[in-house]
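Chain residues, written in single-letter form:
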Amino acid sequence: MQTPPNEFTPEAWPARVRAFAPQFALVLGSGLGCFVDCIEIAETVSYEEIPGLPVSKVAGHAGRFVFGTLGGTRVLAAQGRVHLYEGHSARNVTAGVRLLAAAGAKRLVLTNAAGSVNPAFAPGQWMALTDHLNLTGQTPLLGGAHFFDMSAIYSAALRNRFHEAAKTEGVRLVDGVYAGNLGPQYETPAEVRMARTLGADAVGMSTVLEAIQARALGLETAGFSCLTNWAAGLSAAEITHAEVLDLGQRAAGDLARILCRAIATGAETP
Ligand code: HPA
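To keep things clear, this report deals only with the structure shown in the data block.

Analysis parameters
Residues numbered from 1 in each chain as written. Predicted model: local features only at pLDDT ≥ 70, side-chain atom pairs only at ≥ 80, totals over all residues. Heavy atoms only, no water. Helix = DSSP H or I, 4+ residues; strand = E, 2+ residues; numbered from the N terminus. Polar contact = N/O pair within 3.5 Å; in protein donor to acceptor, adjacent residues only side chain to side chain. Salt bridge = Lys/Arg side-chain N within 4 Å of Asp/Glu carboxyl O. Buried < 20%, exposed > 50% of the residue type's maximum accessible area, 1.4 Å probe, protein only. Near = heavy atom within 4 Å. Areas by Shrake-Rupley, 256 points an atom, 1.4 Å probe, with all protein chains shown as cover. Nonpolar A, V, L, I, M, F, W, Y, C, P; charged D, E, K, R; others polar. Core = buried A, V, L, I, M, F, W, Y, C linked by side-chain atoms within 4.5 Å. Contact = heavy atoms within 4.5 Å. Disulfide = S-S within 2.5 Å. Phe/Tyr/Trp six-rings, centres within 6.5 Å; stacked < 30°, edge-to-face > 60°.

Some words on the side chain of E86
At step 1: In this structure, E86 sits in the loop between β4 (73-79) and α2 (90-93).
At step 2: A polar contact is formed between the side chain of E86 and the backbone nitrogen of H83, at a distance of 2.9 Å.

Structure follows, in structure tokens:
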């Protein structure tokens, strides 16, 4: 099996953070800024500081990396990601994950906003990803015989730890399958019925390519969807970006509490 190229080495990072050796890396969806509030910040690196890292074309979403500690655990959080629907390639969409791996992270948490296609999963809840459907037609591994096994793309051990933290925090956390679409338009009701028939519980526009890249790099990965709305056809309400952002922001505190508790007590890894 070929190893796909990783254009980033540890030297891609500014010298001031190279010795940091994060135990956990996170990619935070736009609403999850509040997670950073529970990090004791040591350093920040703006995306523009890293040559070769694609920056979001959406104004005001440049993004930054936050290095810090949570309890006794060293964490590296990426605030902001780029998406396929902005016109980026699958390789560019996953550059951040390769960079997090080049920093030495062995564990990765991916978060996103998604529409619920499961009538039992109401908006406002968080879903831990057990698996995904990559419906983008794209892969970051294109270009060689990169035959990676995807049968355990999201770590059950890591998910169990987050479930324990959710229980302690009194936050409802459901398990489900995430379907990643290209976007940027939301789905039609027929597309949502298709996703449901295929086994999805939620639909969104990110995460699947990053998870594939993480798996190929050997990172232990967890994924979380904030269910911000009923997917098209499950309710009569129109889906708006403002509503997605609003509910995402209101639910963010719940996941932040789960992540903070689970990660702060997870320092046993190197
Ligand atoms: N569909 C796709 N992506 C999304 C949705 C949705 O309903 N909600 C938030 N992101």
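Thoughts on the pattern of salt bridges
At step 1: Inspection of every chain in the model, using the stated rule, returns 12 salt bridges.
At step 2: Between R107 and E220 there is a salt bridge, with its nearest N and O atoms 2.9 Å apart. Placement of R107 in strand β5 (residues 107-116) and of E220 in strand β9 (residues 220-230) is noted, with a sequence separation of 113 residues between them.
At step 3: By relative accessible area, E220 is classed as partly exposed at 24%.
At step 4: The partner of E169 in a salt bridge is R261, with the nearest N and O atoms 2.7 Å apart. With a gap of 92 residues between them, E169 in helix α4 (residues 156-169) and R261 in helix α7 (residues 241-264) connect regions that are remote in the sequence.

What about the site of the ligand?
At step 1: Near the ligand, the surroundings consist of A113, A114, G115, Y186, E187, V203, G204, M205, T228, N229 and V244.
At step 2: A113 places a polar main-chain atom, nitrogen or oxygen, 3.4 Å from a nitrogen atom of the ligand.
At step 3: One of the backbone nitrogen or oxygen atoms of G115 is found 3.4 Å away from a nitrogen atom of the ligand.
At step 4: Calculation on the ligand without its partners gives an accessible area of 260 Å², and the protein chains cover 96% of this total.
At step 5: Going through the elements one at a time, β5, β8 (202-204) and β9 are the ones with two or more residues in the shell around the ligand.
At step 6: With 3 residues, β5 is the single largest residue contributor to the shell around the ligand.
At step 7: Grouping the constituent residues of the shell around the ligand by class yields 6 nonpolar, 4 polar and 1 charged.

With respect to the nonpolar core
Generally speaking, a soluble globular protein has its nonpolar side chains buried in company with each other.
At step 1: W13, F65 and L108 are the most contacted members of the largest nonpolar core, which totals 47 residues.
At step 2: Excluding residues within four positions of it along the chain, F65 makes contact with W13, E43, T44, V45, Y47, I50, L53, L76, A77, A78, L99 and L100.
At step 3: In terms of nonpolar packing, the next biggest core, distinct from the first, is built from 32 residues, L32, F162, A165 and C226 among them.

Examining helix α3 (residues 95-102)
At step 1: Most of α3 sits out of view: 7 of its 8 residues are buried.
At step 2: On its buried side, α3 packs onto β1 (24-28), β3 (64-70), β4, α2, β5 and α6 (208-216).
At step 3: Following α3 by one or two positions, G104 has its phi on the positive side, about 105°.

Thoughts on the state of the cysteines
At step 1: Counted under the stated rule, the structure contains 1 disulfide.
At step 2: Note on cysteine connectivity: C38 is disulfide-linked to C260, with sulfurs 2.0 Å apart. Of this pair, C38 sits in the loop between α1 (33-36) and β2 (40-46) while C260 sits in helix α7; the two residues are 222 residues apart in sequence, bridging distant segments of the chain.

Regarding the packing of aromatic side chains
At step 1: On inspection of all chains with the given rule, the structure shows 5 aromatic pairs.
At step 2: Arranged with centres 5.2 Å apart and planes meeting at 85°, the rings of F20 and F67 form a pair that is edge-to-face. Linking F20 in the segment before β1 with F67 in strand β3, this pair joins segments that are 47 residues apart in sequence.
At step 3: Here the aromatic rings of Y47 and F65 are separated by 4.6 Å at their centres, their planes lie at 45°, and the arrangement is tilted. Of this pair, Y47 sits in the loop between β2 and β3 while F65 sits in strand β3, placing them 18 residues apart in sequence.

A closer look at the environment of D131
At step 1: Take D131: it is sitting in strand β6 (residues 126-134).
At step 2: When the C-alpha positions of D131 and A200 are compared, they lie 9.1 Å apart, and in sequence the two are 69 residues distant.

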